[in-house]
Amino acid sequence: MPCKLSWLKQELLIDGEWDGIDLEGPLRHVKAGIGAGSSSLGDAFWITLGAVSLKLLPAVTEQAQAMRATVAFDSGIWTITHDLLTQEITFLNTTTGQVETLPLVAEGGERSAGSYSVELMGIPVVETARGSVTVDSVMTLLYLRQVHAGHTVYGGANANDLGVTIEVCFGLLDEKAAKLKAQAFAAKNRATKAATALRKAAEQRIADGLPTSVDFDADEARLANALDAATAEVLRLDAELDTHRAILTTRTHEQAQALQRAADAGTAADRTQQTLAPLYEARGQARAALARAEQDARQRTHCPDCEQLLQRATRPVPTCGLCGQPDPDGRAARHAQQLIAARTALAAVEDKLATAQADAQQAANTLTALIGAAQKAASRCDAYRTAEITPREQAKSKAAATAAETRAAITAVRDRRKELTRLSDLERIEKRTAQDAEQARMAWTVAEGDAQHIRKQTAKELSMIYAEKVIPMAPDKIRHASIDPKTFTPRLNGRTVRQLALSAGLINIANIGLHLTLLEAARTLAGALLPRAQWLDSSLDGLGAGDEGNSLSARALQIISATAAQDAQILVATAHDLPPTPGTVTTEHDSHHPVIPHARTTDDDTL
């Protein structure tokens, strides 16, 4: 049974004060001109309920801190408050006291405020692979926005979500048919893959010359002999490599020993060179001592004590060998002995230094010889490796590669042999999958036929209502009107919505008629889940001026007024006057008296 949806009040919190407009009445007329804020009022209501596809004007968002709607559902009267700062929406059932606070945008699998609003309308929140039922898609069926009235039907809605929402609201969602359709496509894909595999196997066998089992046996025997030969060659080369690697190991060991001997000789040469330094120093000291002794023993012409001229004299006392003067202390003899001792010490140091130099030269010669021997041993190792090891390793790699290629060829022959039996298996699979695909297609066709029958029947019933609503609005322009069963969009005089876009007036009339049709269907069609309400916002603006425009507007308003009933609600926002209708509530607004009484208006930006 369709749910009740009745707008009672819409308010905004501005400067800490709640105020707004009452919306009660089966036919609520907001007589508003440009700048009165009627479009912002309609957008604000649906954003309060959780719609995310609408955006408030800056003039609203700069003033309002929150929005509040009072709505009557079958479950009672609810006050819905949308905090614009926290983006949270609180639902309060004024009858039972039930409270729910939900986010505008759900995260982590939680329920959103929009889905809760849809549930309050009595519409299941369905999610399918094609789309989902959302408050925005439901809004598109209940709210004719001024911005879309003269351009297209179902303006601003997600096409996939809208399609699923229409199916759910009119009982057209057939999950069984959708499941059978998916199964039919999957079975068709399997059959196609099986047929492709059979075709490729047959083509491969033709490319191979249609070989028989005898051909496969001969190929496998030939390849097996080639594999044995390649394997034997690898084993032979392995044995030779083991022998030559052992020889190379010995020579490498000899090379290491020669290097060690050269290193030891280098150490010994360093030690002998180190012994030369103190000997050179001792020789220098001996030479300096000899020079001093020679200086002391040299003939003097003056006395070293008094600096007087020495005169030679012969006396019976010890005399100085240098000057012939008396030398009672034996100074001259002592100098002579010191000279002899200095010469002897220098000769001894010279002998030691000569011996050390000879030893150092011998160590250097030994080091040179051992380095040469080590280099020769390294050359022998490299030459042996190049001559004996590397060619055999290359030959082994080539033989191993040949063996691997031969094994791959044997595997390919065996796989091709399997194709003889695989062809028959593929034929059976192809036949079975083709039968399964045909059965699945037939099952889907039957289910789809039933679903299409229901869909066409619903579209037929909607077309009858639509023709009753839209043709009287422009009888001189519209001869035939219907609802397309595929898209549930209107067709006027056989023309699609895209073709109707050439005439803005017809688009407006088509939109008004469609929304009145949805309201009438919600009231009269069995199984329809649409709420019994419609919000029409300035939908007559595109009908034109002059006598023709006035005539179209008058007839459209007559049909709107005639559609109003006590068990439903129509809210019309337009500057036109409605025909006198019992139960109509009208309030007049303009830019100086906006629909939100305490809103601040400016000349540059209006609500």
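See the structure shown above.
Now for a look at the structure at hand.

What counts, and where the lines are drawn
- Within each chain, residues carry numbers counting from 1 in the order of the written sequence.
- Reporting in this predicted model follows two pLDDT cut-offs: at least 70 for local features of residues, and 80 or more for side-chain atom pairs to be given and counted; totals over whole chains, interfaces and linings ignore these cut-offs and use all residues.
- The side-chain values count all of the structure's non-hydrogen atoms but skip hydrogen atoms and water molecules.
- Runs of E in the DSSP output that reach at least two residues are strands. Runs of H or I that reach at least four are helices, and both are numbered from the N terminus.
- Relative accessibility thresholds used throughout: buried, under 20% of the residue-type maximum; exposed, over 50%; partly exposed, between the two (1.4 Å probe, protein chains only).
- In this description, contact between two residues means that some pair of their heavy atoms is separated by no more than 4.5 Å.
- The Shrake-Rupley method, run with a 1.4 Å probe sphere, supplies the accessible areas, and residue values consider only the shown protein chains as cover.
- Buried and open spaces are told apart on a 1 Å grid over the protein atoms alone, a cavity being a set of points where a 1.4 Å probe fits but cannot get out and a pocket being an open set with protein on both sides within 12 Å along at least five of seven lines. Residues with an atom within 4 Å of a point are the lining residues.
- Grid points are joined across faces, edges and corners, and a volume is the space filled by probe spheres set on the points.
- Gly falls in the polar group here, along with every residue not listed as nonpolar (Ala, Val, Leu, Ile, Met, Phe, Trp, Tyr, Cys, Pro) or charged (Asp, Glu, Lys, Arg).
- Here, a salt bridge means any Lys or Arg side-chain nitrogen found within 4 Å of an Asp or Glu carboxyl oxygen.
- Ring geometry is summarised as follows: Phe, Tyr and Trp rings, the Trp one being its six-membered ring, pair when their centres sit within 6.5 Å, and such pairs are stacked at plane angles under 30 degrees, edge-to-face over 60 and tilted between the two.
- DSSP bridges decide pairing: two strands pair if at least two such bridges lie between them.
- Axis definition: a line fitted to C-alpha atoms, over the contacting stretch in the case of helices. Angles run 0 to 180 degrees between N-to-C directions.
- Between N or O atoms, a polar contact is any pair within 3.5 Å; within protein, one atom must be a potential hydrogen donor and the other a potential acceptor, and residues adjacent in sequence are included only when both atoms are from side chains.
- For a helix, the expected span equals 1.5 Å multiplied by the residue count minus one.

## Some remarks on the overall build of the chain
Part 1 of the reasoning: Broken down by element type, the chain carries 12 helices and 13 strands.
Part 2 of the reasoning: Counting only residues that meet the buried cut, the chain has 41% of its 607 residues in that class.
Part 3 of the reasoning: Nonlocal contacts in the chain, meaning residues at least 24 apart in sequence, comprise 69% of its contacts between residues at least 6 apart.
Part 4 of the reasoning: When the accessible area of the chain is evaluated, it comes to approximately 32000 Å², of which 54% is carbon and sulfur surface.

## Description of empty space enclosed by the protein
Part 1 of the reasoning: Enumeration over the complete set of coordinates arrives at three cavities of 30 Å³ or more.
Part 2 of the reasoning: Of the volumes computed, that of the second largest cavity is approximately 50 Å³.
Part 3 of the reasoning: Of the residues forming the lining of the second largest cavity, the biggest block, three residues, is contributed by helix 11 (residues 504-524).
Part 4 of the reasoning: Its residues assigned to classes, the lining of the second largest cavity shows eight nonpolar, one polar and no charged.

## Considerations on the pattern of salt bridges
Part 1 of the reasoning: Applying the stated criterion to the full structure yields 25 salt bridges.
Part 2 of the reasoning: Each of E233, R236, E240, E388 and R392 takes part in salt bridges that share partners, so that together they form one network.

## Examining the packing of aromatic side chains
Part 1 of the reasoning: In total, this model carries nine aromatic pairs according to the counting rule given.
Part 2 of the reasoning: Relative to Y143, the ring of W46 has its centre 6.4 Å away and its plane inclined at 25°; by these criteria the two rings are stacked. One end of the pair, W46, is in helix 1 (residues 38-49); the other, Y143, is in strand 8 (residues 143-144), and 97 residues separate them in sequence. The pair formed by W46 and Y143 is uniform in burial state, with each residue classed as buried.
Part 3 of the reasoning: Among the aromatic residues, those joined into a cluster by ring pairs are W7, F45, W46, Y143 and W535.

## Describing the sheet that holds strand 2 (residues 17-22)
Part 1 of the reasoning: Spatially, 2-1-4-5-6-7 is the arrangement adopted by the six strands of the open sheet, whose pairing is antiparallel. Unpaired on one side and paired on the other, strand 2 and strand 7 (99-103) mark the two borders of the sheet. Direction aside, the axes of adjacent strands within the sheet are offset by 20° on average.
Part 2 of the reasoning: Two elements, strand 6 (residues 88-93) and strand 7, share five bridges in a ladder whose sense is antiparallel. Of the residues in strand 7, the one forming a bridge with F91 is E100.
Part 3 of the reasoning: Those strands touched by helix 3 (residues 113-120) are strand 4 (64-73), strand 5 (76-83), strand 6 and strand 7, and its axis lies near 25° from that of strand 6.

## Description of the environment of L426
Part 1 of the reasoning: Assignment of secondary structure puts L426 in helix 9 (residues 331-470).
Part 2 of the reasoning: Looking at L426, the relative accessible area reads 10%, which means it is buried.
Part 3 of the reasoning: If sequence neighbours within four positions are ignored, L426 has contacts with A197, L198 and A201.

## Remarks on the pairing of strand 4
Part 1 of the reasoning: Most of strand 4 sits out of view: eight of its 10 residues are buried.
Part 2 of the reasoning: Of the strand pairs in this sheet, strand 1 (residues 6-14) and strand 4 are connected by eight bridges, and their pairing is antiparallel. Residue pairing in the sheet places I14 in a bridge with A64 of strand 4.
Part 3 of the reasoning: The sheet contact formed by strand 4 and strand 5 spans eight bridges and is antiparallel. Looking at strand 5, one finds that M67 is bridged to H82.
Part 4 of the reasoning: Hairpin remark: strand 4 followed by strand 5, antiparallel, with two residues in the connecting loop.

## What about helix 6 (residues 159-169)?
Part 1 of the reasoning: For helix 6, a buried count of eight out of 11 residues is recorded, marking the element as mostly surrounded by other parts of the structure.
Part 2 of the reasoning: Here helix 6 has its buried residues at D161, L162, V164, T165, I166, E167, V168 and C169.
Part 3 of the reasoning: Taking the backbone nitrogen of N160 as reference, a side-chain oxygen 3.0 Å away marks N158 as the first, capping residue of helix 6.
Part 4 of the reasoning: A positive backbone phi angle near 70° is found at G171, which sits one or two residues after helix 6.

## Notes on the environment of T411
Part 1 of the reasoning: Relative to the assigned elements, T411 resides in helix 9.
Part 2 of the reasoning: By relative accessible area, T411 is classed as partly exposed at 42%.
Part 3 of the reasoning: As a C-alpha pair, T411 and E220 span 191 residues in sequence and 9.0 Å in three-dimensional space.

## Digging into the sheet that holds strand 11 (residues 533-537)
Part 1 of the reasoning: Read across the open sheet, the five strands follow the order 8-11-12-3-13; overall the sheet is parallel. Strands at the two margins of the open sheet, each flanked by one partner only, are strand 8 and strand 13 (584-589).
Part 2 of the reasoning: Sheet analysis places strand 3 (residues 27-32) next to strand 13, joined by six bridges and oriented parallel. The partner of L27 across the bridge, within strand 13, is T584.
Part 3 of the reasoning: Along the sheet, helix 1 makes contact with strand 3, strand 8, strand 11 and strand 12 (569-573), crossing strand 11 at roughly 145°.

## Regarding helix 1
Part 1 of the reasoning: In this model, helix 1 (12 residues) spans 17 Å end to end at C-alpha, consistent with the 16 Å of a helix rising 1.5 Å per residue.
Part 2 of the reasoning: Every buried residue of helix 1 is listed here: S38, S40, L41, G42, D43, A44, F45, W46, I47, T48 and L49.

## A few points about unusual backbone geometry
Part 1 of the reasoning: Backbone geometry at F488 places phi at a positive 55°, although glycine is not the residue there.
Part 2 of the reasoning: Phi is positive for N493, close to 55°, though the residue is something other than glycine.
Part 3 of the reasoning: Structurally, N493 can be placed in the loop between strand 10 (490-492) and helix 10 (497-500).
Part 4 of the reasoning: We classify N493 as partly exposed; its relative accessible area is 22%.

Read these as spatial facts, not as claims about activity.
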